[in-house]
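Summary of the model geometry
As a plain string of letters, each chain reads:
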Amino acid sequence: ELSVPATRDPAGLIQGQDASRLQSLVPLRHERMGVSAFTFYRGSAIVQAADLAATPATGIEVQLCGDAHLSNFGLYGSPERRLVFDVNDFDETLPGPFEWDVKRLAASLVLAGRDLDHPEDDNRQAVLGAVQAYREAAARFAGARYIDAWYATIDVDELQELLQEGGKKGKAARRTQAMLDKARSKDSLRALRKLAVEEDGRYRIKSEPPNIVPVSDLAADVHPDDTRQLIGALFRQYEESLPDSRAVLLRRYRLVDFALKVVGVGSVGTRCWMALFEGRDRDDPMFLQIKEAGPSVLEAHLAPSCYDHSGQRVVEGQRLMQSTSDILLGWTRGTAGGHDYYVRQMWDMKGSADVESFTPKELRRYAKACGRTLAHAHCRTGSASAISGYLGDDDTFDRAIAAFAVAYADLAEADYAAFKSAVS
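Conventions and cut-offs
- Residues numbered from 1 in each chain as written.
- Predicted model: local features only at pLDDT ≥ 70, side-chain atom pairs only at ≥ 80, totals over all residues.
- Heavy atoms only, no water.
- Phe/Tyr/Trp six-rings, centres within 6.5 Å; stacked < 30°, edge-to-face > 60°.
- Helix = DSSP H or I, 4+ residues; strand = E, 2+ residues; numbered from the N terminus.
- Buried < 20%, exposed > 50% of the residue type's maximum accessible area, 1.4 Å probe, protein only.
- Lys NZ or Arg CZ within 6 Å of the ring centre and 35° of its normal.
- Disulfide = S-S within 2.5 Å.
- Patch = residues over 30% accessible without salt bridge, like charges linked within 9 Å, V, L, I, M, F, W, Y side chains within 5 Å.
- Areas by Shrake-Rupley, 256 points an atom, 1.4 Å probe, with all protein chains shown as cover.
- Salt bridge = Lys/Arg side-chain N within 4 Å of Asp/Glu carboxyl O.

Topic: the packing of aromatic side chains
One pass over the full model with this rule turns up 14 aromatic pairs. A centroid spacing of 6.1 Å and a plane angle of 50° characterise the contact between F40 and Y416, whose relative ring orientation is tilted. Pair noted here: F40 is in helix α3 (residues 37–42) and Y416 is in helix α17 (residues 396–423), with a separation of 376 residues, a long-range link. Ring geometry for F258 versus W273: centroids 5.2 Å apart, planes at 25°, classification stacked. Taken together, the positions of F258 in strand β9 (residues 254–261) and W273 in strand β10 (residues 272–278) put the pair 15 residues apart, joining distant regions of the chain. By the burial criterion, F258 is buried, and W273 matches it. Within the aromatic cluster, the residues linked to one another by ring pairs are F73, F85, F358 and Y366. Geometry around F404 places K103 over its ring, the cationic atom sitting 4.6 Å from the centre. The aromatic ring of W347 is capped on one face by K186, whose charged end is 4.6 Å from the ring centroid.

Following this line, the structure appears as structure tokens:
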């Protein structure tokens, strides 16, 4: 059941986050969150964290994503260059009760369906499918050897089976194949063509304000630490966070250019950078993303992270939850402003579903893939037997979460209206 304090102030929580953001980008954050109730929900994990803290908890802890809405699942390339499907956002990761992630995913399905004008029963069916897939996957992992559960992945073949329900032809098959093809084509050479320009025989990151601003064009509200130190000391610290084998690879590349880059919805206004490196020659580029990491929104309600460095918290949480992770994941910290960052590759076979155009049937299929994936992430770090034992083998939990999701979607829509009014 959904029960929230009468004194809750969602707009105030978001405004509190704004205070630590780059002030020139705060209006853009509000604009992106203001598109719909669904985009508002994507950017307001801090609000739901406070609401979930007021609900009863199972006491069964796992490594939480902390922001497990359906747009935070996607494709990426494994070190073996295979496409895998997994959770792909860990800014808020922290140990906590497993059902918090399930509830966030469930409410996002209802809000996404409403945004697409799907019938309400179809939205509820999407939630039921996701939670059933979660429950059944947890039962399978409870009966598996620990190491087999750890190695489990959703690869391309299994994802196609889930999204197409066995069909090899038709619209769903074509759209799935297009998503996979697009992800395979996203590499550093394609990023170079899209994100860089050639000047005087050298590549530079192109200027596309406010989304991409080269370091030479930065506004005055960016702390000097974020310009000078990131280019120098921060990369040395990042290298130290990598295993020796990965640091050897990094040292073979030379930094060419650096820029501030706006990403996502809720992350807008945080200090997020992109760096262009050159390897053997100009046809051997590499792009890295250096993203600010603050305390998880869950830390106000759960035990604080065991890591003093928020970037390390994100990286270690990602390694725990994902079946396989980016080989260049690392972290670093500024010296003057003290901002923490995590580092990862950009455009490394990354892809996502076109959620904004899903049919009700496609949303249900994708929901099942997300539910199955979330269960695997949780069972890697928590007790699959405890989770499965709690959920049981009938649909009681499924129906309870579906009812919660509908109620929370109603609340999120009211919060969205209050947010729009506050922005005005």
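Right, picking up where we left off after that structure.
Here's the deal with the state of the cysteines
What the rule picks out here adds up to 0 disulfides. Free cysteine C272: the closest other cysteine sulfur is in C65, separated by 17 Å. In this structure C379 is a free cysteine whose sulfur lies 15 Å from that of C65, the closest cysteine sulfur available. Here C379 falls in the buried class, since its relative accessible area comes to 10%.

What to know about unusual backbone geometry
Of the consecutive residues P209 and P210, the connecting peptide bond is found in the cis state with omega at 0°. Its place among the elements puts P210 in the loop between β7 (202–205) and β8 (212–214). Positive phi, close to 60°, is recorded for D117, a residue that is not glycine. Looking at the element boundaries, D117 is found in the loop between α5 (98–115) and α6 (120–142). Despite not being glycine, M349 shows a phi value in the positive range, around 60°. The topology assignment puts M349 in the loop between β13 (340–345) and α15 (360–381).

Examining a nonpolar patch on the surface
Residues I147, W150, Y151 and L320 make up a contiguous nonpolar surface patch of roughly 410 Å² in combined accessible area. In terms of residues, the nonpolar patch owes the most to one element, helix α7 (residues 146–151), which gives 3 residues. Relative to the helices and strands, W150 is located in helix α7. For W150, a relative accessible area of 35% translates into the label partly exposed.

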